[in-house]
Amino acid sequence: MKQQARLYAGKDVEMLLVAAVIIKHAIANKNFLIAKRSTWVDPFFDNLFTKIDAAFSTLLNINNAKDLRDATQALLSIQKSALDDLVELKVQLEVDFEDEPQTLKNILSDLGFTNYYTAAKRKRDQEALIQLLFKFDTALSAKLKLDIVSAGTSANLLDNIVGYAKVLRDANVTQETAKDLRKDASDEKVSELNAIYKSVIGVARIASTFYKNQPLEKAKFSYSGNLKQLNLQTKKVDKPE
């Protein structure tokens, strides 16, 4: 007998994480949304979030769902800013130490750029970003910081990058967030996951229409957009978003 197909892109845990992100956005904007659609009156969004939250443990056997969500949110909150600052720093280092190739090579290696930068930036690899930031935080000694600042880079930029690592440390973000946490699921569990996805994607599609003239708000309700931000590999799905 053929196993029931999943309706969503990504792994089971990824779908639930993205679903939680979308419904959190809905809760934050519920006054506007409810005014546009009366069937979403309280406790509609809260009940849906509770169902998503429970699915981590009941369907996937993940008991630290809140920690996983918090860590994911922490990473999402700093990913773009961290990458922007890392790009700025790398360009300045390459210019400032152009005449000292070995010094430049050592700095880029010590700070994690050599091993992790390409994957973190071009592939939006979240594990690579985590490793780069942690290595940067560990390797930026007072002397190295002084050398970089003396060459022209702002000390604030370096401090900002160290700060991103602190955000991840405080949220206990580790490589676990990048692992494949998908569990073998029965047809019954897949059916329940599909039902959650359909409920959330319904909210997302309607909310996106309400925010059609506000691209930043609209983007918050994009399933595929949130999935890409997590650097979670998508797959071909049976139905479009």
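Owing to the predicted nature of the structure, the values given are computational and were not obtained by experimental measurement. (Residues numbered from 1 in each chain as written. Predicted model: local features only at pLDDT ≥ 70, side-chain atom pairs only at ≥ 80, totals over all residues. Heavy atoms only, no water.)

Looking at the confidence of the model for the protein
Okay, step 1: On average, residues of the protein carry a pLDDT of 85, and 85% of them reach 70 or more.
Okay, step 2: pLDDT under 50 marks residues 175–183. Its contacts with residues more than four places away, or in other chains, come to 22 contacts.
Okay, step 3: Here residues 232–241 scores under 50 on pLDDT; set against residues more than four positions off or in separate chains, the count is 26 contacts. (pLDDT = per-residue confidence, 0-100. Contact = heavy atoms within 4.5 Å.)

Here we look at the environment of alanine 139
Okay, step 1: In this structure, alanine 139 sits in helix H7 (residues 126–139).
Okay, step 2: You can call alanine 139 partly exposed: its relative accessible area is 24%.
Okay, step 3: Each C-alpha atom of the pair alanine 139 and leucine 111 lies 5.8 Å from the other, and the pair is 28 residues apart in sequence.
Okay, step 4: With residues near it in sequence (within four places) discarded, alanine 139 still touches Asp110, Leu111 and Leu144. (Helix = DSSP H or I, 4+ residues; strand = E, 2+ residues; numbered from the N terminus. Buried < 20%, exposed > 50% of the residue type's maximum accessible area, 1.4 Å probe, protein only.)

Thoughts on the environment of leucine 89
Okay, step 1: By the secondary structure assignment, leucine 89 is in helix H4 (residues 65–96).
Okay, step 2: Remark: the alpha-carbon pair of leucine 89 and leucine 158, spanning 69 residues in sequence, is separated by 8.0 Å.
Okay, step 3: Residues in contact with leucine 89, not counting those within four places in the same chain, are Phe113, Phe136, Ile148, Thr153, Leu157, Leu158 and Ile161.

Observations regarding the packing of aromatic side chains
Okay, step 1: For the structure on display, the rule yields nine aromatic pairs.
Okay, step 2: Between tryptophan 40 and phenylalanine 44, the ring centres sit 6.3 Å apart and the planes meet at 20°, which makes this aromatic pair stacked.
Okay, step 3: The exposure class of tryptophan 40 is buried, given its relative accessible area of 3%.
Okay, step 4: With a centroid separation of 5.5 Å and an interplanar angle of 45°, the aromatic rings of phenylalanine 113 and tyrosine 117 are classed as tilted. In this pair, phenylalanine 113 and tyrosine 117 are both assigned in helix H6 (residues 113–122), four residues apart and thus about one turn of the helix distant. With respect to burial, phenylalanine 113 and tyrosine 117 carry one shared label: buried.
Okay, step 5: Each member of the aromatic cluster is reached from another via a ring pair, and the members are Trp40, Phe44, Phe45 and Phe210. (Phe/Tyr/Trp six-rings, centres within 6.5 Å; stacked < 30°, edge-to-face > 60°.)

Examining the packing of H6 against H7
Okay, step 1: Relative orientation of the contacting elements H6 and H7 amounts to 145°, with a least axis distance of 8 Å. Crossing hand, H6 versus H7: left-handed. Residue-level contacts link Phe113, Tyr116, Tyr117, Ala119 and Ala120 of H6 to Ala128, Leu129, Gln131, Leu132, Lys135 and Phe136 of H7.
Okay, step 2: Partitioned by chemical class, the residues of the contact of H6 with H7 number nine nonpolar, one polar and one charged. (Axes fitted to C-alpha atoms, helices over the stretch in contact; angles between N-to-C directions. Left-handed = near helix turned anticlockwise from the far one by under 90°. Nonpolar A, V, L, I, M, F, W, Y, C, P; charged D, E, K, R; others polar.)

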